[in-house]
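# Fold and geometry: a report
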Amino acid sequence: MGARGELFTTQIYLDNRSYFFNVKENRTGDVFLQIVESKNRDGAEQDRHQIAIFAEDMQKFLQGMDKSLEFIEKERKTRQKAAREKREMKDAKYSKGSGSKKVYLVKGEKEEKYEPGVKKTGRIHVVSKRPAADEDTTTEE
């Protein structure tokens, strides 16, 4: 037996946290899992929390953990699906169904590349709904 009844230890290091999974045996011979979270605070100080799960309760603990992980996975998939649908709706709204992207006039380019009726206003080009000046809207007899 190791120090303080430790039978097995494994560690996981994350950004500012460390997790220790210690399998221990107490004085009466009961085997349990001790999970310790150690969090660095300001480089020097550490905040530690621990829980102990005894061997006879391990199956119930793992069932609860499995249910929680299933919920997290289902929620993640639901959020991804909603985000994908939102993105597709946005793309459909702004692409006008053609799937093509808008073309904007860049400084230094010539305006003759663009259709008549496209007016340059700063960075954005506005298409006028009024008839062009060269079209005659009145009919003379």
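Residues numbered from 1 in each chain as written. Predicted model: local features only at pLDDT ≥ 70, side-chain atom pairs only at ≥ 80, totals over all residues. Heavy atoms only, no water.

### A short note on the overall build of the protein chain
In terms of helices and strands, the protein chain carries one helix and six strands. Along the chain direction, N to C, the helices and strands of the protein chain fall in the order β-β-β-β-α-β-β. In the protein chain, buried positions account for 12% of the 141 residues. Intrachain contacts of the protein chain at a sequence separation of at least 6 include 7% that bridge at least 24 residues. (Helix = DSSP H or I, 4+ residues; strand = E, 2+ residues; numbered from the N terminus. Buried < 20%, exposed > 50% of the residue type's maximum accessible area, 1.4 Å probe, protein only. Contact = heavy atoms within 4.5 Å.)

### With respect to the side chain of N22
Following the sequence through the fold, N22 ends up in strand β2 (residues 17-25). Side chain to side chain, N22 and T9 meet in a polar contact 3.2 Å long. Filtering out sequence-adjacent residues up to four positions away, N22 remains in contact with F8, T9, F32, L33, Q34 and V36. (Polar contact = N/O pair within 3.5 Å; in protein donor to acceptor, adjacent residues only side chain to side chain.)

### Side note on a nonpolar patch on the surface
A surface patch of nonpolar side chains, about 490 Å² in accessible area, is lined by L62, M65, L69, F71 and I72. Position of L69 among the secondary structure elements: in helix α1 (residues 58-95). (Patch = residues over 30% accessible without salt bridge, like charges linked within 9 Å, V, L, I, M, F, W, Y side chains within 5 Å. Areas by Shrake-Rupley, 256 points an atom, 1.4 Å probe, with all protein chains shown as cover. Salt bridge = Lys/Arg side-chain N within 4 Å of Asp/Glu carboxyl O.)

### Notes on the side chain of Q34
With respect to the helices, strands and loops of the structure, Q34 is situated in strand β3 (residues 31-41). There is a polar contact of 3.0 Å between the side chain of Q34 and the side chain of K24. Look past the residues within four positions of Q34 in its chain and what remains in contact with it is F20, F21, N22, K24, Q50, I51 and A52.

### Topic: the pairing of β3
Strand direction decides the pairing type here: β2 and β3, joined by nine bridges, are antiparallel. Following the sheet pairing, F21 is matched in β3 by I35. The turn linking β2 back onto β3 is made up of five residues, and G29 within it adopts a positive phi angle of 95°. (Pairing = 2+ DSSP bridges.)

### A few points about the packing of aromatic side chains
Aromatic ring pairs are described here by two measures, namely the spacing of the ring centres and the angle between the planes. Per the counting criterion, the structure on display carries one aromatic pair. Plain terms: the ring middles of F32 and F54 are 5.3 Å apart, the flat faces sit at 45° to each other, and that makes the pair tilted. In this pair, F32 sits in strand β3 while F54 sits in strand β4 (residues 45-54), placing the two residues 22 residues apart along the sequence. (Phe/Tyr/Trp six-rings, centres within 6.5 Å; stacked < 30°, edge-to-face > 60°.)

### What about the pairing of β2?
Residues S18, F20, N22 and K24 point to one face of β2 and are all buried, whereas R17, Y19, F21, V23 and E25, pointing to the other face, are not buried. Where strand β1 (residues 6-13) lies against β2, seven bridges are found, and the strand directions are antiparallel. Within β2, the residue paired with Q11 across the bridge is F20. As consecutive antiparallel partners, β1 and β2 are separated by three residues.

### Quick look at the environment of S38
By secondary structure assignment, the location of S38 is in strand β3. Judged by relative accessible area, which is 5%, S38 ranks as buried. Considering only alpha carbons, one finds S38 and R48, 10 residues apart in sequence, at a separation of 4.5 Å. Not counting chain neighbours up to four residues away, the residues in contact with S38 comprise N16, R17, S18, F20, Q46, D47 and R48.

### Digging into the environment of D30
Examined against the element boundaries, D30 turns out to sit in the loop between β2 and β3. C-alpha separation for the pair D30 and F54, spaced 24 residues apart in sequence, amounts to 7.5 Å. Residues contacting D30, with those up to four places away along its chain left out, are K24, E25 and F54. Side-chain polar atoms of D30 contact the side chain of T28, separated by 3.1 Å.

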